[in-house]
Every structure is written in C-alpha cells, then in structure tokens.
Amino acid sequence: MWAKLPGYLSPNRNVSPDNYPSELTKQLAQTIISAGETVRYDMSDLAPSAFGGTDGKGEWKVLQDFLRDPSDAKAAAKALETEAAKAWK
C-alpha cells in the first residue's frame, strides 16, 4: 500500500517494483531486489517506528541524550534495551 505513495521505498524485497508510482522508484526497488542479501539497513530501518523512527522518543532520544553526555555507556545501553522492549510488544 505504501509503495504506491511517492517518496517511499520499501526494504522488503517481496514488494514488486510494479507497485511504485514512478520509474525512478521502480528502478530503485529492482536494485534492492537484485542486490539480494548484500543490502544492509541500519537499526532504524528495521525497527518499529515507536523505537527507531520517532524524533524525541525511543532510540532517537536515548542516543541524543548519550551524545550530550557520553559518560555512562552502560546506562545508555540499558535505556535502549528498555525502549526496544516497549516498542516490540
């Protein structure tokens, strides 16, 4: 459904390029499909939006807080685990 909207490209290789509205996104989708397992995504591409895609919440907030004060990596890691557990319920 989202593939039919402009500006969207799915990391799911099962989404047919025919679903995309423009020639460019069709070509990009085919590139992802053709690349097979060699395409890699970062954590936010594969995580629920509640964890990795919402500005000021979840992963975003924890990592921004950590960058402001990187003195306690263990606390940041624990906070990431807590946020992930909430997002994957």
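The structure we're discussing is the one just above.
Residues numbered from 1 in each chain as written. Predicted model: local features only at pLDDT ≥ 70, side-chain atom pairs only at ≥ 80, totals over all residues. Heavy atoms only, no water.

(A) View of the overall build of the protein. Looking only at helices and strands, the protein has 5 helices and 0 strands in total. Going residue by residue from the N terminus, the α and β elements of the protein occur as α-α-α-α-α. Over its C-alpha atoms the protein spans a radius of gyration of 17 Å, topping by over 25% the 12 Å that the globule rule assigns to 89 residues. When its C-alpha atoms are laid out on the principal axes, the protein stretches across 45 × 25 × 25 Å. Across the 89 residues in the protein, those meeting the buried criterion constitute 21%. Taking the contacts inside the protein whose residues are at least 6 apart along the sequence as the reference set, 20% of them involve residues at least 24 apart. (Helix = DSSP H or I, 4+ residues; strand = E, 2+ residues; numbered from the N terminus. Rg over C-alpha atoms; globule rule 2.2 N^0.38 Å. Buried < 20%, exposed > 50% of the residue type's maximum accessible area, 1.4 Å probe, protein only. Contact = heavy atoms within 4.5 Å.)

(B) Seen up close, helix H4 (residues 58-68). All of the buried residues along H4 are Gly-58, Glu-59 and Val-62. The arc that holds every buried residue of H4, seen down its axis, measures 90°, which confines them to one face. For H4, the exposed residues lying more than 90 degrees away from the buried face are Leu-67 and Arg-68. (Arc of directions from axis to C-beta.)

Purely geometric stuff here, so don't read any function into it on its own.
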